[in-house]
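Report on the structure
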Amino acid sequence: MNAPLKIAVAGLGTVGAGTVQLLQRQADHLALRAGRPLVVSAVSARDKSRERGADLSAARWYDHAVALAADPEIDIVVELIGGSHGIGRQVVETALAHKKHVVTANKALMAEHGTALAEEAEAAGVSLAFEGAVAGGIPIIKTLREGLVGNRLGRVYGILNGTTNYILTTMRESGRDFAEVLAEAQALGYAEADPSFDIDGVDASHKLAILASVAFGRPVDLAGVYCEGIRHISALDIGFAEELGYRIKLLGIARLTDHGLEQRVHPCMVRREAPIAAVEGVFNGVVAEGDFVGQLMLEGRGAGAGPTASAVVADIVDIATGRHVPPFGVPVGSLARIAGAPMESHRGAYYIRLMVVDQPGVIADVAAALRDEAVSLESMIQRGRSESEAVPVVLTTHVTVEAAMRKALAAIGKLKAVLEPPRMIRIEDF
Ligand SMILES: NC(=O)c1ccc[n+]([C@@H]2O[C@H](COP(=O)([O-])OP(=O)(O)OC[C@H]3O[C@@H](n4cnc5c(N)ncnc54)[C@H](OP(=O)(O)O)[C@@H]3O)[C@@H](O)[C@H]2O)c1
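Source: prediction; values computed, not measured.

Tallying each qualifying case throughout the model produces three aromatic pairs. Centroid distance Phe-130 to Phe-328: 5.4 Å. Interplanar angle 40 degrees. Geometry classified as tilted. Of the two residues, Phe-130 sits in the loop between strand 6 (128–129) and helix 6 (140–147) while Phe-328 sits in the loop between helix 12 (305–321) and strand 13 (347–357), which places them 198 residues apart along the sequence. Each member of the pair, Phe-130 together with Phe-328, is buried. Ring geometry for Tyr-157 versus Phe-430: centroids 3.8 Å apart, planes at 15 degrees, classification stacked. You can see Tyr-157 sitting in strand 7 (residues 153–159) and its partner Phe-430 sitting in the segment after strand 17 (423–427), a full 273 residues away along the chain. Judged by relative accessible area, Tyr-157 falls into the buried class, the value being 2%. Judged by its relative accessible area of 6%, Phe-430 is buried.

With that out of the way, let us pick up helix 4 (residues 87–97). Buried within helix 4 we find Gly-88, Val-91, Val-92, Thr-94, Ala-95 and Leu-96. Looking one or two residues beyond helix 4, the residue adopting positive phi is Lys-99, at roughly 60 degrees.

Quick look at the nonpolar core now. Counting 79 residues, the largest nonpolar core has Ile-140, Leu-144, Ile-167 and Leu-211 as the members making the most contacts within it. Among the elements that make up this core, the one with the highest residue count is helix 10 (residues 202–216) (nine residues). Ignoring anything within four residues of it in the chain, the contact list for Leu-144 reads Val-149, Leu-153, Val-156, Leu-211, Val-214, Ala-215 and Ala-288. If you look at the next biggest cluster of nonpolar residues, it comprises 29 residues, including Leu-30, Ala-59, Val-78 and Leu-80.

Another point: the site of the ligand. Residues in close proximity to the ligand total 23 residues, the closest being Leu-12, Val-15, Asp-47, Arg-52 and Gly-304. Here Leu-12 contributes a backbone N or O atom positioned 2.9 Å from an oxygen atom of the ligand. A distance of 2.7 Å separates an oxygen atom of the ligand from a polar atom in the side chain of Arg-52. In isolation the ligand exposes 900 Å². Once the protein is present, 78% of that is buried. Considered class by class, the residues forming the shell around the ligand number nine nonpolar, nine polar and five charged.

In this section: a nonpolar patch on the surface. A grouping of Leu-188, Tyr-190 and Val-282 is seen on the molecular surface, where their side chains present a nonpolar patch of about 260 Å² in accessible area. Locating Val-282 in the fold gives a position in the loop between strand 10 (260–271) and strand 11 (283–290). By relative accessible area, Val-282 is classed as partly exposed at 30%.

Closest axis-to-axis distance for the helix 2 (residues 27–34)/helix 12 pair is 9 Å, and the angle between their directions is 40 degrees. Looking at the two axes, helix 2 sits oblique to helix 12. Seen from helix 2, the contacting residues are Leu-30, Arg-33 and Ala-34; seen from helix 12, they are Val-313, Val-317, Ala-320 and Thr-321.

What follows covers the side chain of Asn-284. Mapping Asn-284 onto the fold places it in strand 11. Residue classification places Asn-284 among the buried positions, given a relative accessible area of 1%. A distance of 3.5 Å separates a polar side-chain atom of Asn-284 from the backbone oxygen of Leu-160. Ignoring anything within four residues of it in the chain, the contact list for Asn-284 reads Ala-135, Ile-138, Ile-159, Leu-160, Asn-161, Gly-162, Val-279, Leu-298, Glu-299, Gly-300 and Gly-302.

It is worth spelling out helix 13 (residues 362–372) at this point. Within helix 13 the residues assigned to the buried category are Val-362, Val-366, Ala-368, Ala-369 and Leu-370. Phi turns positive one or two residues past the end of helix 13, at Ala-374, with a value near 60 degrees.

All told, the structure shown has 31 salt bridges when counted by the stated rule. Residue Lys-6 pairs with Glu-73 through a salt bridge whose shortest N-O separation is 3.9 Å. Remark: Glu-73 occurs in the loop between helix 3 (65–69) and strand 4 (76–79) and Lys-6 occurs in strand 1 (residues 5–10); sequence separation between them is 67 residues. For Lys-6, a relative accessible area of 30% gives the class partly exposed. Salt bridges linked by common partners bring Arg-172, Glu-242, Arg-247, Lys-249, Arg-272 and Glu-280 together as one network.

So, how was this worked out
Residues numbered from 1 in each chain as written. Predicted model: local features only at pLDDT ≥ 70, side-chain atom pairs only at ≥ 80, totals over all residues. Heavy atoms only, no water. Phe/Tyr/Trp six-rings, centres within 6.5 Å; stacked < 30°, edge-to-face > 60°. Helix = DSSP H or I, 4+ residues; strand = E, 2+ residues; numbered from the N terminus. Buried < 20%, exposed > 50% of the residue type's maximum accessible area, 1.4 Å probe, protein only. Core = buried A, V, L, I, M, F, W, Y, C linked by side-chain atoms within 4.5 Å. Contact = heavy atoms within 4.5 Å. Near = heavy atom within 4 Å. Polar contact = N/O pair within 3.5 Å; in protein donor to acceptor, adjacent residues only side chain to side chain. Areas by Shrake-Rupley, 256 points an atom, 1.4 Å probe, with all protein chains shown as cover. Nonpolar A, V, L, I, M, F, W, Y, C, P; charged D, E, K, R; others polar. Patch = residues over 30% accessible without salt bridge, like charges linked within 9 Å, V, L, I, M, F, W, Y side chains within 5 Å. Salt bridge = Lys/Arg side-chain N within 4 Å of Asp/Glu carboxyl O. Axes fitted to C-alpha atoms, helices over the stretch in contact; angles between N-to-C directions. Parallel < 35°, antiparallel > 145°, perpendicular 65-115°, else oblique.

Following this line, the structure appears as structure tokens:
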């Protein structure tokens, strides 16, 4: 058998410790697949005394992760500290500067600096692999970049954040409202104490930006991702969605349009029968549409020690066997200059919910505001009658342009009988 591959792991938290545990538990099987033993030779974390659930006695300990990344004995640096700047980034840049292969699960880093890092890896002649950064255990990077290489992809979309999918699923199943379900998710450890990264769509945007680059061979463009979270989704909207035959999901969608590449993360109404609607709870799911393969969906655990370690180790084995592909499928200099499509030019159907005072003429005023922007209605539901309280009115539209929809909603929001800002959720056509 060939000489061992020497691995340094920076960060021994959920994913780092999980990765070391996997490498040790599956050592024989992995040595066969990799054609050489995979040995964890060096590690770094903040607290040396903490138990990591793995035997680290043979690994050199580094207090400073950047020094570990420069260790001349090491072949691969696995960065599992996190963060788009600071120590995680320094570890990756140092490793590349020392011509070491890098494996990372750091989505923030790849979303913000992915293209520059890919360029550095290319210049150094080493791999930069990041399967664990998107959808945890789902091998979506490899699937898009290698498995579907024979296709032109038109659209890639998915549930990329397990926390928000858990919240939306629980809201639907229990009929409870957002704040209550979020508090429960925090108590159960499914949501962070500061949940904004997840519920405001930031985490999903990072993953979408990376996915879009891999799928469309384009530089990573996080700034080009339109992002809306789930804070404003109410039990009322979830109930109406059910009634209309939809489920509400927070999706990340990258789609080629006549205006360029759309990249958007926001709550969507998807038909209940659509495969993505069946991805529930903490699970993630990604759908790719290719011109030869048709539609394909992968579903699985999008986070956690085991699933993410599974992805990280797949990258390590690729490097061990010498399988090398440019991080985004093509050399950085050949990445496509596809323009980003502004959200205002998005075309789609819309769900609108208004809270109105039930008085004569309200619906006519709402219809007139929509007509003025050439938005045509598909259906309307009006529930309950009360002269003193606001009642919900739900409208769905035919396909229209986002800019027109926004103007119409601004006009509707100014009507005296409309008591709350109108709620709008985009309806997807899958
Ligand atoms: N958790 C998931 O399910 C998941 C899924 C996909 C991707 N990821 C990504 O994987 C990365 C790691 O996430 P995680 O959940 O494993 O994080 P985590 O549990 O917070 O672990 C972070 C690790 O980094 C170490 N660390 C922090 N600052 C350090 C420093 N200055 N020098 C050396 N080590 C330092 C910590 O040391 P101590 O343990 O001593 O404090 C800890 O071991 C992130 O980029 C995350 O986005 C995570």
